[in-house]
Amino acid sequence: MEILRIEGLTKIFGSGHLEVRALEGINLSVSEGDLVALLGPSGSGKTTLLLCISLILDPTEGKIVFDGQTIFQKNGWGGVDIRRIRREKIGFIFQAHNLIPFLTVRQNVLFPLSLVGLRGEKAERRVKELLEYMEIADRADYLPALISGGEQQRVAVARALANNAKLILADEPTASLDTTRGMRVMEWLKKIAKENRSAVIVVTHDVRMIEGFDYVYQLKDGRIIGERTNSTLH
Amino acid sequence: MDLAVYDLKLHRGRFMATVIGVGLLFTIVLAMNGLYRGNIYEGLALINITNPDLWVVERYRGGPFNEQSTLPEFYHYSVKAIPGVEKASPFIYYAVERPISGKSRHFSIIGYDVFSGLGGPQKIYAGMKIEQAHYEMVAHPKLGVRLGDRVPLGLHTYTVVGLTREAVSSDGQPLVYLSLPDAQEVLYQKDNEEVRNKRERLLRTLSGQGNLSPYQSEKLLPQLQSDTHIINAILVRLKPGVNRVDVARGIEKWLYLSAFSTEEELQLMLKGRLASMTKQLLLFRTLLLIISVIIASLVIYTFTIEKIQSIAVMKLIGAPNWVIIRMVMEQSLLLTIGAFLFGLALIHNTYQLFPRTLLIAPGDDLITFIVAFAGGILASILGLWQALKTQPAMALGGQ
């Protein structure tokens, strides 16, 4: 089932001689269980595309269809509660982990659950499940500052999975980790795509990390210049 | 999930230090409230306690407390002769600084006719009222004396026969009650050496004119000595059913004096001596409240700025604005309410230690709390503005 479809997405910053075309006619389709990589050098438009997919940056042109619902087209977001879509259907993983520093590991995972109204025993059970799944249950009562970078990233993954997100967006999730830990996080993401049937889009510039991905889109100057599927990857 | 509390738990040291800091400011605000009330209370206490039907003072003077008034002592006989007056009693009040128990003390002396009953202390909590014409005193314990102590004042020594704490002078100094002649003596009686010197000077002046013989000069001398039978006011008690205004107009018309009711005396003080200090205190506490709110606001702003990245993450993962508003506002209110409670506890446990009377009124505490609460909400506005304009894109490295 298709989770995300992007048609002719264009993003222009500024106007006149200051105009910058950050994205130009991007087309993309992601289905459940897909593991997608967006590759490209700095300034290629990866982050801009991610911001548009995250529903926090208004595209200049194009169409975004999310989970069967057209949420952006010519006339803007069309009254869609985009924050609600983000909290219920999208999970985020960041380069700098971005855990909330004053919440413990357990509370960080509990937070998105509390946003959708899941509380009490049910929420605690879900948190325990996720922490055990990410093999970090023994760190449940630690503050993020007291655990390693790799562990923090696993907590971030657990948080992203908390609400059974249909789409996981990961922005350079391995950039602050060494190769071994980075590879491990990627393995987790593959596992999530396979077991949870979530679509996973990973923005990275590290080609070593994308082995086993279903789709790889290469960006340059705001355009997709290359598209490979698993069968064409080597 | 109470984000504000979790954040404060992590930064509890800094939060407590801020609560104490802002709390000390609130302590000063509450102390100023007490001082404000205390200033009015002290300024009016003696008038309220003395409470005669009329205060008769020198013409066109607002005395005896708001302004100096000087009258010859015998005037009280004239006042007594005005129709409607039941009792007219001389009264003297002045501030002095004298050594008491080896320490220089500033206090106010009240001299009154101990047998007429007007002008004396109303409530003696230890000992008794003055019952003899001389050498007895009733004092406020703030003077540092105890019952039975013998206190030298001027040429004589006075025994403390009673203690009262019902009033202090308008500037917060302890009161000492003496009989009228004793008070006049303490105030006007010169040192023996000074008396001798003055006599000699007068004699030489009179003899030097050439019109008077030494004998005549000697005879004239007592008339020229300074008069010690001076009073500041006459306290009047009216006969039952007499119109106070009529008697006051009679005194003013026939004796060329001024007469005020106790209510008018209170107003004279409130609009006169007490007015500028009262305004000053009001201004101080207003300024301090504003400063407290500004400091709380800056602290909350700093707390919020430190969490900007987390706020961006919260917004990105879909937290509604109320979650962020609640977090910032709750911290602001916890800070201001915590600081207020700290200030309140501190002032309620220390107000007795202040040199001036602090009259802590629950109404004032409540009003200050309401202002602090509103200030807490106000203080969060700067932080809220910053939090709400934070873009979720910041969490992904965007702007």
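Residues numbered from 1 in each chain as written. Chains lettered and ligands numbered in written order. Predicted model: local features only at pLDDT ≥ 70, side-chain atom pairs only at ≥ 80, totals over all residues.

**Q** Describe in detail the overall build of chain B, supporting the description with residues and values.
**A** Each helix and strand in chain B was counted, giving twelve helices and twelve strands. For 399 residues, the compact-globule estimate of 2.2 N^0.38 gives 21 Å, and chain B exceeds it by more than 25% at 32 Å. Overall, the C-alpha framework of chain B stretches about 110 × 50 × 45 Å when taken along its three principal axes. For chain B, the proportion of its 399 residues judged to be buried stands at 40%. A separation threshold of at least 6 residues defines the contact pool for chain B, and within that pool the share at least 24 residues apart is 78%. (Helix = DSSP H or I, 4+ residues; strand = E, 2+ residues; numbered from the N terminus. Rg over C-alpha atoms; globule rule 2.2 N^0.38 Å. Buried ≥ 20, exposed ≤ 12 C-beta atoms within 10 Å, placed from the backbone. Contact = placed C-beta atoms within 7 Å.)

**Q** If you had to explain the interface of chain A and chain B to someone new, which residues and values would you point to?
**A** With 24 residues of chain A at the interface, the matching set in chain B holds 18 residues. Of all elements in the fold, only helix 1 (46-53), helix 2 (82-89) and helix 3 (105-115) of chain A reach the threshold of two or more residues within the side of chain A that touches chain B. It is helix 3 of chain A that provides the largest number of residues to the side of chain A that touches chain B, a total of six residues. For the side of chain A that touches chain B, the per-class residue count stands at 14 nonpolar, five polar and five charged. (Nonpolar A, V, L, I, M, F, W, Y, C, P; charged D, E, K, R; others polar.)

**Q** I'd like a rundown of the sheet that holds strand 1 (residues 2-13) of chain A, residues and numbers included.
**A** Residues and elements named next belong to chain A. With respect to topology, four strands assemble into an open sheet ordered 2-1-4-5, the strand pairing being antiparallel. Only two strands of the sheet have a single neighbouring strand rather than two, namely strand 2 (20-31) and strand 5 (69-72). The sheet shows a mean angle of 20° between the axes of neighbouring strands, direction not considered. Inspection of the sheet shows strand 4 (residues 61-66) paired to strand 5 by three bridges, in the antiparallel sense. Residue pairing in the sheet places I64 in a bridge with F72 of strand 5. (Pairing = 2+ DSSP bridges. Axes fitted to C-alpha atoms, helices over the stretch in contact; angles between N-to-C directions.)

**Q** Kindly report on the domain arrangement of chain B, identifying the contributing residues and their values.
**A** What the domain assignment reports for chain B is domain 1 (3-43 + 274-396) and domain 2 (54-190 + 226-260). Taking only C-alpha atoms, the centre of domain 1 of chain B and the centre of domain 2 of chain B are 48 Å apart. (Domains from an automatic or database assignment.)

**Q** Describe in detail helix 2 of chain A, supporting the description with residues and values.
**A** The set of residues buried in helix 2 of chain A consists of I85(A), R86(A) and R87(A). Looking at the buried side of helix 2 of chain A, the elements it contacts are strand 4, strand 5, strand 6 (90-93) and helix 3 of chain A together with helix 10 (308-316) of chain B.

**Q** Describe the nonpolar core, and please don't skip the residues or the numbers.
**A** If you look at the biggest cluster of nonpolar residues, it comprises 116 residues, and the most contacted ones within it are A158(A), L189(A), V200(A) and I201(A). Leaving out residues up to four positions away in the same chain, A158(A) has contacts with V109(A), L130(A), L131(A), M134(A) and I136(A). (Core = buried A, V, L, I, M, F, W, Y, C linked by C-beta atoms within 7 Å.)

**Q** Please give an account of the packing of helix 5 (residues 149-161) of chain A against helix 6 (residues 179-196) of chain A that cites residues and values.
**A** All names here are of chain A. At a minimum axis separation of 10 Å, helix 5 and helix 6 run at an interaxial angle of 15°. Here helix 5 lies roughly parallel to helix 6, going by the angle between them. The crossing of helix 5 and helix 6 is right-handed. Contact with helix 5, carried on its side by G149, G150, Q153, R154, V157 and L161, involves R181, R184, V185, W188, I192 and N196 of helix 6 and no other residues of that element. (Parallel < 35°, antiparallel > 145°, perpendicular 65-115°, else oblique. Left-handed = near helix turned anticlockwise from the far one by under 90°.)

**Q** Break down the sheet that holds strand 9 (residues 215-220) of chain A for me, with residues and values.
**A** Residues and elements named next belong to chain A. Spatially, 6-7-8-3-9-10 is the arrangement adopted by the six strands of the open sheet, whose pairing is mixed. Edge positions in the sheet fall to strand 6 and strand 10 (223-229), since each has one partner strand and no second. Each neighbouring strand pair of the sheet contributes to a mean axis angle of 15°, computed without reference to strand direction. Looking at chain direction, strand 3 (residues 35-39) and strand 9 are connected through four bridges and run parallel. Bridge pairing links V36 to Y215 in strand 9. On top of the sheet, helix 6 reaches strand 3, strand 7 (167-171) and strand 8 (199-204); it is set at about 155° to strand 8, its chief contact.

**Q** I'd like to hear about the packing of helix 11 (residues 321-350) of chain B against helix 12 (residues 362-388) of chain B, residue by residue, with values.
**A** Residues and elements named next belong to chain B. With their axes 8 Å apart at the nearest point, helix 11 and helix 12 run at an angle of 145° to one another. When the axes of helix 11 and helix 12 are compared, the crossing they make is right-handed. Of the residues assigned to the contact of helix 11 with helix 12, the class counts are 17 nonpolar, seven polar and one charged.

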